[in-house]
Amino acid sequence: MNAKKASLTTAQVLEDALARLRPLLSPQEWHALLAELERPPVPAIRLNPLKAEPKDVYTWAGWYGWRLEPIPFCPMGWWVVEAATPISQTIEHRLGYYYIQEAASMLPVELFDFPAGSRPLVLDMAASPGGKTTHLIARTEDRGLVLANDSSRDRLTALRLVLQSWGAINVAVTGFPGEHWGGWYAETFDAVLLDAPCSMQSLRPLESHPMRPITPGEQQRLAQRQVALLLSGLRALKVGGQMVYATCTLAPEEDEGVLDLALRHYPGLFEIESVEDRLPAPAPALESVPGYTYHPQVKYAVRLWPHRFHTAGFFAARLRKLASFPVEEKQLPRPRRRESWRWMKAANVNQVAEAFREAYGMDLEAILEAHQAGLIRRDGTLYAVPLAFERHFGDLPVLSLGLAVAEDSPEGWVPTHDWIARFGRFCTHGRVQLPSDRVATWLQGEDVPFVPSLPLPSNRVVLVTDERGRILGRGRVLRDRLKNLLPRRLVLQRTSFVV
Ligand SMILES: C[S@@+](CC[C@H](N)C(=O)[O-])C[C@H]1O[C@@H](n2cnc3c(N)ncnc32)[C@H](O)[C@@H]1O
């Protein structure tokens, strides 16, 4: 009864949204849109290049019976058109080798230009649960610094888990209203993403993106917040830097209307750039709505009607800052003295690096150098943290920073699960391969009886892989078994995955 009521409500909400949008389309486009909405949504994945390579996606497709189609505007994205094994039930998904994301949501981060080898400072103003943050980290090769911010404390936990699973070093998570950043850090960032809170009128209700009824008053308040966030982002951007504004709604008040307002209030301070070269076919924004003509630059934004590229409805624009904005300096939040944080001295870093080299053949110092990261000790854990954070943001309170490298133990520093999951493929030894009939047991968090190929000292923590080369985590070598050190958050019910 409830389910029926809920589905009727969704249908009604969709109908209302369609009625509002109908005047914006020609009759042919309108029919194309309705035909598109008859098709079921196609799930999509985006690869984590920190852990896997594009060719791996085709290997998984063979194992799991997937039919893939590349997403034309995202080189790391694929639609999974058919799937014998659902994309949410693979070990690779659990291990953070790919992110499940609606294809349209892969567009905004692809609009940025990040020159090869650059180390951009990026602000993701409304980041939870982290889909686009992971994409930013991928596009900057985890070599810049992505500051992932969201004002909702409730949603930040999901963001932190997503980032842990992605395996990023050069990332910091903060929990402030995005409106503050422009006053706090004027002209600081090379790139800013505002994936704005919106009314979600995407015309493709999904579990992750439900559609709900929206009143004109709510929509007006949302548009005001979007303008305030957009201006804050533009202030925080360096002159010459790029900002992407995106929403998952097709309501013009929150899309073209927001850009129009900012362009008219701040003429000449920024421009909207054409991004036609990023798309397989034009998807222009609206030039007008009945009774109002937008600023001529608004048309350079991208309006993804679902029938354009078989995605959910979406809107995105790339802005270039041309000159400084008038800034109201705001006092920074009270600095957080990080009493429990200790930067490791070079000699101590060297000791940990030596231990990792001896046990796993891993070059920790080279990894830190490549990522411009330093090691800090906090309580019993070592973290690789971005030096750029210290340089630019000092004592700004953060909810998390960098990636956990090692934990203190009676036999010295042992690598964390997250570190091994990211860098384990570069380990030359200290590895144990589980026979395939033991993998399911392992993923359920159980110890496995002694593995015959173990010529390793007792009590050593080893990297555990399977015959397909997947890094399943860490185990401790005991006399008669391999002790399972899988973090609780990764332990799976047998019914929720396919080996
Ligand atoms: C569309 S969602 C972001 C989705 C996310 N970028 C992703 O790709 O996974 C919008 C986010 O804006 C956050 N938000 C709402 N108001 C905000 C504000 N004033 N400042 C910062 N974040 C805000 C919400 O908590 C929500 O997580």
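Cut-offs used in this document
- Residues numbered from 1 in each chain as written.
- Predicted model: local features only at pLDDT ≥ 70, side-chain atom pairs only at ≥ 80, totals over all residues.
- Heavy atoms only, no water.
- Helix = DSSP H or I, 4+ residues; strand = E, 2+ residues; numbered from the N terminus.
- Rg over C-alpha atoms; globule rule 2.2 N^0.38 Å.
- Buried < 20%, exposed > 50% of the residue type's maximum accessible area, 1.4 Å probe, protein only.
- Contact = heavy atoms within 4.5 Å.
- Areas by Shrake-Rupley, 256 points an atom, 1.4 Å probe, with all protein chains shown as cover.
- Lys, Arg positive; Asp, Glu negative; His and termini not counted.
- Charge placed at Lys NZ, Arg CZ, Asp CG, Glu CD.
- Domains from an automatic or database assignment.
- Buried area = accessible area lost by both parts, 1.4 Å probe.
- Salt bridge = Lys/Arg side-chain N within 4 Å of Asp/Glu carboxyl O.
- Polar contact = N/O pair within 3.5 Å; in protein donor to acceptor, adjacent residues only side chain to side chain.
- Nonpolar A, V, L, I, M, F, W, Y, C, P; charged D, E, K, R; others polar.
- Axes fitted to C-alpha atoms, helices over the stretch in contact; angles between N-to-C directions.
- Parallel < 35°, antiparallel > 145°, perpendicular 65-115°, else oblique.
- Left-handed = near helix turned anticlockwise from the far one by under 90°.
- Pairing = 2+ DSSP bridges.
- UniProt positions renumbered as here; feature names shortened; annotations may be inferred.
- Disulfide = S-S within 2.5 Å.

Caption draft 1: Local environment of the overall build of the protein chain. A tally of regular secondary structure across the protein chain gives 16 helices and 25 strands. Taken over the C-alpha trace, the protein chain has a radius of gyration of 24 Å; the compact-globule value for 499 residues is 23 Å, and the two agree within 12%. Residues classed as buried in the protein chain amount to 55% of the 499 residues present. Long-range pairs, those at least 24 residues apart, make up 74% of the contacts in the protein chain with a sequence separation of at least 6. Element-wise, carbon and sulfur atoms account for 52% of the exposed surface of the protein chain, whose accessible area totals about 21800 Å². When the 57 positive and 55 negative side-chain charges of the protein chain are each reduced to one mean point, those points stand 4 Å apart.

Caption draft 2: Seen up close, the side chain of Arg 474. The residue Arg 474 is located in strand β24 (residues 471–477) in this model. The class for Arg 474 is buried, based on a relative accessible area of 8%.

Caption draft 3: Structural context of the domain arrangement of the protein chain. Per the domain assignment, the segments of the protein chain are domain 1 (2–100), domain 2 (104–321), domain 3 (339–414) and domain 4 (430–499). Distance between the C-alpha centres of domain 3 and domain 4: 26 Å. At the interface, six residues of domain 3 touch seven residues of domain 4. Summed over both partners, the interface of domain 3 with domain 4 buries about 510 Å², with 37% contributed by carbon and sulfur atoms. At the surface where domain 3 touches domain 4, the tally comes to three salt bridges. Ionic pairing is found between Arg 460 and Glu 358, a salt bridge with its closest N-O pair at 3.9 Å. The tally of links between domain 3 and domain 4 comes to three residue pairs in polar contact (both at pLDDT 80 or more). A per-element tally of the side of domain 3 that touches domain 4 places helix α12 (residues 346–360) first, with three residues. Of the residues that constitute the side of domain 3 that touches domain 4, the class distribution is three nonpolar, no polar and three charged.

Caption draft 4: Just the packing of helix α6 (residues 131–139) against helix α7 (residues 153–166), in detail. It is the contact of α6 with α7, at a shortest axis distance of 10 Å, that shows an interaxial angle of 30°. Judged on the interaxial angle alone, α7 and α6 are roughly parallel. Helix-helix and strand crossings are classified by hand; for α6 and α7 the assignment is right-handed. Where α6 approaches α7, its residues Thr 133, Thr 134, Ile 137 and Ala 138 are matched on the opposing element by Leu 159, Val 162, Leu 163 and Trp 166.

Caption draft 5: The sheet that holds strand β3 (residues 77–83), seen in detail. If you trace the four strands from one edge of the open sheet to the other, you get β2-β3-β1-β4, paired in antiparallel fashion. Single-partner strands in this sheet number two, and they are β2 (66–70) and β4 (98–100). Neighbour to neighbour, the strand axes of the sheet diverge by 35° on average, direction disregarded. When strand β1 (residues 44–47) meets β3, the two strands line up antiparallel, connected through three bridges.

Caption draft 6: Structural view of the UniProt feature "active site" (unreviewed entry) in the protein chain. Residues given the UniProt feature "active site" (unreviewed entry) here are Cys 248. Position of Cys 248 relative to the elements: it lies in the loop between β9 (237–247) and α10 (256–265).

Caption draft 7: Representation of the state of the cysteines within the structure. Inspection of the entire model under this criterion finds zero disulfides. This cysteine, Cys 198, is not joined by any disulfide, and Cys 248 carries the nearest cysteine sulfur, 3.5 Å off.

Caption draft 8: Quick look at the pairing of strand β14 (residues 314–321). Of all eight residues making up β14, seven are buried, and the element is well covered by its neighbours. Sheet topology places β9 next to β14; six bridges connect them, and they run antiparallel. When the bridges of β14 are listed, Met 243 appears paired with Leu 319. Alignment of strand β13 (residues 302–304) against β14, held across three bridges, turns out to be antiparallel. Of the residues in β14, the one forming a bridge with Arg 303 is Phe 315.

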